[in-house]
Amino acid sequence: MSHQSTDFAIEAKQAWQNIGDRARVDRVAEAMELAWDDCGNLHHTEANIRLAAVFAAPFIAKSSILAADMCSIDRQLLRHKVSKWVNESTANCDAFAACFPSKVEKFINKNGYLFPGVLLLLRARYRGA
């Protein structure tokens with residue numbers, strides 16, 4: 001992609017990240033490292049600005065965010081877990097965009113996992129870096 005005298009290359013990966021209490025592996029960091037490495041492997045004539053990108057989809061077991069009635073989702077608890085994860089995941093990024101709709105009930109899969117939204121993380125890598 002180019003704009004006037006600047007060329008861009010984007011190396012993108014995707015990651016599904018468990019944001020529950022039992023999450024042990026940082027899939028987003030792994031994906032960002034792969035995208036970063038791929039940016040570094042571009043030919044030296046390709047793009048002035050290279051972007052490592054990760055599209056991250058967090059998920060959490062519905063059972064771990066149930067309200068006191070044991071039927072509905074505790075939105076405050078979900079918001080807390082998502083916010084904590086977003087803050088941790090974006091700490092080393094140059095830019096990010098997020099979409100987390102308020103009506104999340106329709107984003108529960110047949111296995112009982114809730115996918116509350118998506119996060120796009122970007123890191124710029126310049127030639128020689």
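The paragraphs below set out a description of the structure included in this document. Computed from a predicted structure; not experimentally measured.

Remarks on the side chain of lysine 81
Among the secondary structure elements, lysine 81 is positioned in helix α2 (residues 75–89). Under the relative-accessibility criterion, lysine 81 is labelled buried at 12%. Contact partners of lysine 81, with chain neighbours within four places excluded, come to Ile19, Asp21, Ile60 and Ile65.

Considering the pattern of salt bridges
Evaluation of the coordinates by the stated rule reveals 4 salt bridges. The salt bridge partner of aspartate 38 is lysine 13, with a shortest N-O separation of 2.6 Å. Placement of aspartate 38 in helix α1 (residues 27–40) and of lysine 13 in strand β2 (residues 6–18) is noted, with a sequence separation of 25 residues between them. Here aspartate 38 falls in the partly exposed class, since its relative accessible area comes to 26%. Assessed through its relative accessible area of 25%, lysine 13 is described here as partly exposed. Between glutamate 88 and lysine 84 there is a salt bridge; the shortest N-O distance is 3.6 Å. Residue glutamate 88 and its partner lysine 84 are located together in helix α2, separated by 4 residues, close to a single helical turn.

How each quantity is defined
- Residues numbered from 1 in each chain as written.
- Predicted model: local features only at pLDDT ≥ 70, side-chain atom pairs only at ≥ 80, totals over all residues.
- Heavy atoms only, no water.
- Helix = DSSP H or I, 4+ residues; strand = E, 2+ residues; numbered from the N terminus.
- Buried < 20%, exposed > 50% of the residue type's maximum accessible area, 1.4 Å probe, protein only.
- Contact = heavy atoms within 4.5 Å.
- Salt bridge = Lys/Arg side-chain N within 4 Å of Asp/Glu carboxyl O.

Geometric values such as these leave the question of function open.
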